[in-house]
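Structural overview
In case you want the letters, here they are:
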Amino acid sequence: MFKEEIKIFLKGGSGKVGLALFTLLLALSLYVIASFPLDFGVRYWNNPSYWADYPITVPPAWYNFFSDNPKPEHKIISAEEKSFDNNLQLSFRFKQVYDDFPSFISLRLGKFTLNSLNPLTLELYLKRPDSEFILLKRQILTSSFEGNPPFNLYFDEPLRISLTADPDVSFEISSFLSRKYNFKILQTELLSKGAHVALFGKPEKDILIPLKGDYEIVVNLKLSDPKDKVGEARLILGGGVYGLMGTDSLGRDLFVGLLFGFPVALFIGAVVSFLVALIGTFNGIISGYMGGKSDTLIQRASDILANMPLLPLLIFLTFVLGQKLWLVMLILIVFGWPGLTILIRSMVLQIKSFQFIEAAQALGSTRGRIILKHIFPQTAPFVFAQMIFSVPGAILAEAALSFLGLGDPSLPTWGQILELGFRRGGIYSGYWWWILPPGILIMITAFTFLLIALALEPLVNPRLRRIK
Amino acid sequence: MIVGKKLALRGITLLGVLFSVLLLVVVTLGATGLSDNMLKAIVSDQLRELRTSLAQTIRDPLELEKVLEQRRNQLYDFYGLDEPWYNRLPDLIIRVLSLDLGSARNLKSFSGSSKVSDIVLERLPNTILLVTTALIISGLLGLYFGVKLAIKAGTKFDRFFSYLSSISYALPTWWLGIIFILLLAFQLRIFPPTGMYSSPPPSDNLLKFLDLLWHASLPILTLVVASIGGWIYSVRTMVLNVAQEDFVTLGRAKGLKESTIMKRYIIRVAAPPILTGLILGLAGSLGGAILTETVFGWPGMGRLYYDAILALDENVIIALTFLFTLIYIIARFILEALYMVLDPRVRY
Amino acid sequence: MMLELKDLTVNYLTDRGRLKALNKVSFSLSEGEALGVVGESGSGKTTLGLSLMRLLPKNAELLEGKAIFNGLDIFGLLEEEFRRKIRWKKISMVFQGAMNSLNPVIKVGHQVAEPLIEHENLPKPEAYRRAEEALEQVGLNRQVFHCYPHELSGGMKQRIVIAMALILSPKIVILDEPTSALDVSIQAQIINLLKKLKWELSLSFIFITHDISLASDISDRIAVVYAGEIVEIGPSEDVLLNPKHPYTKELLESIPRITLDKLPSFIAGSPPDMVDPPKGCKFHPRCPEVMDICYREEPKDFTVSKQRVRCWLYND
Ligand SMILES: Nc1ncnc2c1ncn2[C@@H]1O[C@H](COP(=O)(O)OP(=O)(O)O)[C@@H](O)[C@H]1O
Ligand code: SF4
Ligand SMILES: [Mg+2]
């Protein structure tokens, strides 16, 4: 049906590239919708405990390829379990090969199933390439429950021990260094630096440098019942790099956030531009074709709405009424349709005087029929091109608002990611992986629709000229 | 005198716009209860002052409370707080119009005042400086390149720049600013990343001006680059449209010089629609300024917006919304008057 | 002969391919003569006029043809030379659609005077004075000088465009559908004006129109154009009263006439696609007298009494 049109559309480079990019955007969005929960924003993205085990503000893993001084990757190590008597031993083995320290080290234990409420004793040992086991920490875990065993402990929220920030660990490791190397470092100083520097370091002159080799960390739990279980045990070595896109200052995996941005951006663009097109065209046709009071009313309203400065009002309204995405979209629609209405109205005024319209009227067609059969089809290509053209505007407006800190917190968008990066001084600290990708994605998405609109131009213009 | 009439009509429409914005603002404030809170804050400010001054004369705490209670009722009555919010709309409109919005929560003007009008008005010239400079530069460049492209329409050169200009349109202003800071301020260290003057600013007037220019370069560059694409493209389209008109062919047929054709038959005729483009782009420029100022820490009203949002300062946000609308409407009025001068079809 | 046009052939390059707008168009024009060029819309009339003015659009290619004006080969001249010596000075044109022929932001008087200022280097007051005279000559009030185009009616604009075409006292004026956008009463006024001017100034006209009865009113000779070719040319009375080409005959029958009791007939079929025209005679799909040869070979020009006809019927 549209063979000729499709051929003209695909003739130039912009049509092909635009369509290819659009397909990519759409595929990514569909993938995200299929695989992410809808409440991703609330449940995961803006839930700090979900990201607690992630390294903070680190560049992507592939950064190591370009760097002279590769940073350790993020590692999550699972335990080998041994039990004897009432002891449960969880042992984590790993090799440290990097010229740099891990950014932190923390232990996560969860899903305890206990058969009594007696206190548990937890002991933490470290074995380094240059040592036997060193006791780092001893802790008694108490719990109070009502009801009958078995008791579930640490199910919702696991027990976290940050070796980096633990005072006992700092104390023990500093005394080890002093015993073995006669190297003096105060517990408090170590705490401020992070104890991992000492845990994985050996002194050279007066600083600590990474000690490479095999390590083992052992958690010994003295249980009161042999049937007691620990369902989850992980040791996390914070990387200096993470994943495909790095992390932000809350440790959030930017790759996931950026990915989630695709459907959100397309959703905003599609819904806003579609409704603007719908309302704009409807009002334009009514105003141009019907004339009279409705014409005056629509003209007045669109004249006033089209002349209001958008961004200040967006800022004001979202600030006062709340940062909700639907509200932003509603505002964009309310202030968006008048532009189209003004254009459509003048088109309809011309179309109205065409002979076939007058003929149809003479033959007694109803107004609705004339609008549907004769007037709308004449404006349709133009409306379609305008609709595509207005997609970037909506996406850019939402991004701008998010960038001003007025984004909807329940849905991560590219603008919000960038905003946090900016607010956290990303420019000054050189967090390029945090600042560049969201901007690039916004730009590519906007550009995609502009390319398509550009390729649609030759399809729309001859018709426009014919109408003149 | 038709000009005067038409201009007056436009003026009335624009005033209508201003009034609608005001109404939107005050109704939103009233219906959400924000205006009540603002007034109550003013009242309790006054009561606090009264308490400290009365505390020296009235020793009896019960007596003091009674006087204060009385005063509170008077003030509530005075501000109309004992009535429903819509009865206070006219009053609120007048207060917004005169920027009489009390004091800001935390924000202060450069001179230390916390009166909203002081804070906001102090920033006004800085924003105007930024926006007008950028607008003039990008307007002129857009005109120049748009005409150039139109002459070469259909060539590789034309297509290449058409792509470039749609990239420029797709670029979020604020992100572009960030890139410029990363690149030109931190990597190459050519321009300062933020602010309006070095601290301390040079005392010599000329040096101070140069310092200002140096600081303004990046924000202006950002605004220009972000808006020039749309500019070039719309100028190109309009020039192309005019160039295809019959009167241009007739001008050529009459044997006029190509330069005359360009000046009087194409650019001169395309000028009014180009100006329309400028008028329509104005809102975008103001929006761009808000974002650019935020990125560059330019002490204008845009940056103030950002600070006020972070500080949750309603009064300042209301004042800014109103002022931005006002500036926008004044600028539009000036441009539309210019349009009438340029286009005889409107003039008569 | 003042103007001899021989074998003018023009193509337009379009998305769909080469559009053959004019094919071997020849005619001559003598001083004071009016040649009517008649044809359906899209038959190439405007292209013919633009070719003579050397104002063809960029996508046009002039494949073949010679135009000798007073011994000067005007297609062979350098553009600059043509602009200085011929265009508007010797041959001027009233473009189709006077509504859009005037610059909307310049006062019409100045637009009329422009050629005097730019071409002849006349001082402004002198040029303006002559422009005012020209306005009076075409029946307009001097006051019109200070008006902008949008303040004038269609008929007035048409007169202004004519004044503009006459301002340098050319030998030939090409009039491209000068009346088609106007009301009938105004149409008659303009035709009368043209007749008067032709008489007073002994001008030659090339009068382009789709309306053969209008052409007959003002022309000494008539050329009938079909699909980019002159299919018949001859003195007006002969073409009108004794048409030779089947297309001319059909054209004449389609005119509504009060005196005839026969209803006007429409020409069956539609004009050809000029990118891919019919083989042989381009009129054959619509021709009532079509013969075998017409499908195969393009007809040549034949002379029949006072007409020249491009049709195999006259092959003897
Ligand atoms: N610039 C152009 N490019 C391509 N085709 C054109 C152009 N101008 C005219 N044509 C085509 O050339 C043919 C002759 O056009 P024209 O000379 O304007 O005819 P007329 O004046 O008799 O209506 C038409 O089919 C028209 O569509
Ligand atoms: S050549 Fe043949 S087809 Fe063409 S007009 Fe003559 S008779 Fe008809
Ligand atoms: Mg024509």
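Residues numbered from 1 in each chain as written. Chains lettered and ligands numbered in written order. Predicted model: local features only at pLDDT ≥ 70, side-chain atom pairs only at ≥ 80, totals over all residues. Heavy atoms only, no water.

1. Structural notes on the environment of Arg345(B)
Quick reminder of the rule: Elements are defined by DSSP. Helices are runs of H or I of four residues or more, strands are runs of E of two residues or more, and each kind is numbered from the N terminus. Partly exposed describes any residue whose relative accessible area lies between the buried limit of under 20% and the exposed limit of over 50%, with all areas from a 1.4 Å probe on protein chains only and scaled to the type maximum. We call two residues in contact whenever any of their non-hydrogen atoms come within 4.5 Å of each other.
Following the sequence through the fold, Arg345(B) ends up in helix α13 (residues 344-347). Residue class for Arg345(B) comes out partly exposed when judged on its relative accessible area of 37%. Setting aside chain neighbours within four positions, we find Arg345(B) in contact with Pro104(C) and His150(C).

2. Observations concerning the nonpolar core
When a protein is soluble and globular, its nonpolar side chains tend to lie buried together. For clarity, the cut-off: Nine residue types can take part in a nonpolar core, namely buried Ala, Val, Leu, Ile, Met, Phe, Trp, Tyr and Cys, and a core is a set of them joined through side-chain atoms within 4.5 Å. Note that domain bounds follow an automatic or database assignment of domains.
Judged by nonpolar contacts, the single largest core of 183 residues is most densely connected at Ile315(A), Trp174(B) and Ile178(B). In terms of residue count, helix α13 (residues 367-406) of chain A provides more of this core than any other element does, 19 residues in total. Two domains each donate at least three residues to this core, and these are domain 1 (2-97) and domain 2 (117-312) of chain B. When near neighbours in sequence (up to four residues on either side) are disregarded, Trp174(B) contacts Ala399(A), Ala400(A), Phe403(A), Gly415(A), Leu418(A), Ile442(A), Leu291(B) and Val295(B). Listed in part, the 82 residues of the second largest apolar core include Phe82(C), Ile91(C), Ile162(C) and Val173(C).

3. Details of the interface of chain B and chain C
Here is the rule we go by: Accessible surface is computed with a 1.4 Å probe, and the buried area is the amount of it that two parts give up when combined, taken over both parts together. Salt bridge, as used here, is a side-chain nitrogen of Lys or Arg placed within 4 Å of a carboxyl oxygen of Asp or Glu. Nitrogen and oxygen atoms within 3.5 Å of one another constitute a polar contact, given that in protein one can donate a hydrogen and the other can accept it, and given that sequence-neighbouring residues count only through two side-chain atoms. Asp, Glu, Lys and Arg are counted as charged, while Ala, Val, Leu, Ile, Met, Phe, Trp, Tyr, Cys and Pro are counted as nonpolar; the rest, among them Gly, fall into the polar class.
The partner chain C presents 26 residues to the 21 residues of chain B that form the contact. Here chain B meets chain C over a buried area of about 2,200 Å², counting both sides, of which 61% is carbon and sulfur. One can count 2 salt bridges joining chain B with chain C. As a salt-bridge pair, Glu114(C) and Lys254(B) come within 3.1 Å of each other at their nearest N and O atoms. The interface formed by chain B and chain C contains 8 residue pairs in polar contact (both at pLDDT 80 or more). Among the elements of the structure, α9 (246-253), α10 (258-296) and α13 of chain B are those that each provide at least two residues to the side of chain B that touches chain C. Among the elements that line the side of chain B that touches chain C, the one with the most residues is α9(B), at 6 residues. Of the residues in the side of chain B that touches chain C, the class split is 9 nonpolar, 3 polar and 9 charged.

4. A short note on the coordination of the magnesium ion (ligand 3)
All names here are of chain C. Rules: Metal donors were taken as nitrogen, oxygen and sulfur atoms no farther than 2.8 Å from the ion, or 3.2 Å where the ion is Na, K or Ca. Water is excluded, so coordination may look unfinished.
Ligation of the magnesium ion (ligand 3) by protein atoms is provided by Thr-46 (OG1) and Gln-96 (OE1), these donors lying 2.0 to 2.4 Å from the ion. Residue Thr-46 is found in helix α1 (residues 45-53), and its partner Gln-96 is found in the loop between β6 (91-94) and α3 (108-119); the two are separated by 50 residues along the sequence. According to the relative accessible area criterion, Gln-96 is partly exposed, its value standing at 36%.

5. Focus on the interface of chain A and chain B
On the chain B side, the residues contacting the 44 residues of chain A number 50 residues. Of the roughly 4,300 Å² buried where chain A meets chain B, counting both sides, 81% is carbon and sulfur surface. When the buried surface of chain A facing chain B is broken down by residue, Asn307(A), Phe316(A) and Phe319(A) rank first, second and third, together holding 16% of it. Where chain A packs against chain B, one counts 1 salt bridge. Of all the elements in the fold, those that place two or more residues in the side of chain A that touches chain B are α2 (13-35), α9 (292-306), α10 (310-321), α13, α14 (414-423), α15 (426-429) and α16 (432-467) of chain A. Looking at side-chain class alone, the side of chain A that touches chain B contains 35 nonpolar, 5 polar and 4 charged residues.

6. Quick look at the sheet that holds strand β8 (residues 204-209) of chain C
All names here are of chain C. In plain terms, the rule: Two strands are said to pair when DSSP picks up at least two bridges between them. Here an axis means a line fitted to C-alpha atoms, over the contact stretch when the element is a helix, while the angle between two N-to-C directions is reported on a 0 to 180 degree scale.
Taken in spatial order, the 8 strands line up as β6-β7-β8-β3-β9-β10-β12-β11 in an open sheet, and their pairing is mixed. What marks the edges here is a single partner per strand, and that holds for β6 and β11 (301-304). The average undirected angle you get between the axes of adjacent strands in this sheet is 20°. Both strand β3 (residues 34-39) and strand β9 (residues 221-226) contribute to a ladder of 5 bridges, which runs parallel. In the sheet register, Leu-35 faces β9, and the bridge partner there is Arg-221.

7. A look at the site of ligand 2
Note the cut-off: Any residue with a non-hydrogen atom lying within 4 Å of a molecule or strand is treated as near it.
Lining the immediate surroundings of ligand 2 are His245(C), Pro246(C), Cys281(C), Phe283(C), His284(C), Cys287(C), Glu289(C), Cys294(C), Cys311(C), Trp312(C) and Leu313(C). Within the shell around ligand 2, the residues separate by chemical class into 8 nonpolar, 2 polar and 1 charged.

8. Describing the site of ligand 1
Residues and elements named next belong to chain C. Convention followed: Surface accessibility in these figures is a Shrake-Rupley result with a 1.4 Å probe; residues are shielded only by whichever protein chains are displayed.
Taken together, the neighbourhood of ligand 1 is formed by 13 residues, with Gly-42, Lys-45, Thr-46, Thr-47 and Asn-59 sitting nearest. A distance of 3.2 Å separates an oxygen atom of ligand 1 from a polar atom in the backbone of Ser-43. In this structure, Thr-47 approaches ligand 1 through a side-chain N or O atom, which is 2.4 Å from an oxygen atom. The protein chains hide 70% of the 560 Å² of surface that ligand 1 would expose on its own.

9. Some thoughts on the sheet that holds strand β1 (residues 3-14) of chain C
Sheets are built from strands that pair by backbone hydrogen bonding, the pairs being arranged parallel or antiparallel. Residues and elements named next belong to chain C. Read across the open sheet, the 4 strands follow the order β2-β1-β4-β5; overall the sheet is antiparallel. The open sheet terminates on both sides in strands that have one partner only, identified here as β2 (17-29) and β5 (72-73). Across 8 bridges, β1 lies against strand β4 (residues 60-69) in antiparallel orientation. What sits directly across from Lys-6, in β4, is Lys-66. Across the sheet, α1 touches β1, β2 and β4, and the angle it forms with β1 is around 110°.

10. What about the domain arrangement of chain C?
Residues and elements named next belong to chain C. Annotation of chain C at the domain level lists domain 1 (3-80 + 174-314) and domain 2 (98-169). Taken over C-alpha atoms, the centre of domain 1 sits 29 Å from the centre of domain 2. Counting from both sides, the interface comprises 12 residues of domain 1 and, opposite them, 9 residues of domain 2. A buried area of about 870 Å², summed over both sides, lies between domain 1 and domain 2, and 72% of it is on carbon and sulfur atoms. One can count 0 salt bridges joining domain 1 with domain 2. In this assembly, domain 1 and domain 2 are joined by 3 residue pairs in polar contact (both at pLDDT 80 or more). Taken together, the residues of the side of domain 1 that touches domain 2 break down into 10 nonpolar, 1 polar and 1 charged.

11. Some thoughts on the environment of Phe335(A)
One can find Phe335(A) in helix α11 (residues 325-352). According to the relative accessible area criterion, Phe335(A) is buried, its value standing at 15%. Distance from Phe335(A) to Ala306(A), taken between C-alpha atoms, is 6.5 Å for residues 29 residues apart in sequence. If near-sequence neighbours (up to four positions away) are discounted, Phe335(A) is found in contact with Leu305(A), Met308(A), Leu310(A), Leu313(A) and Leu24(B).

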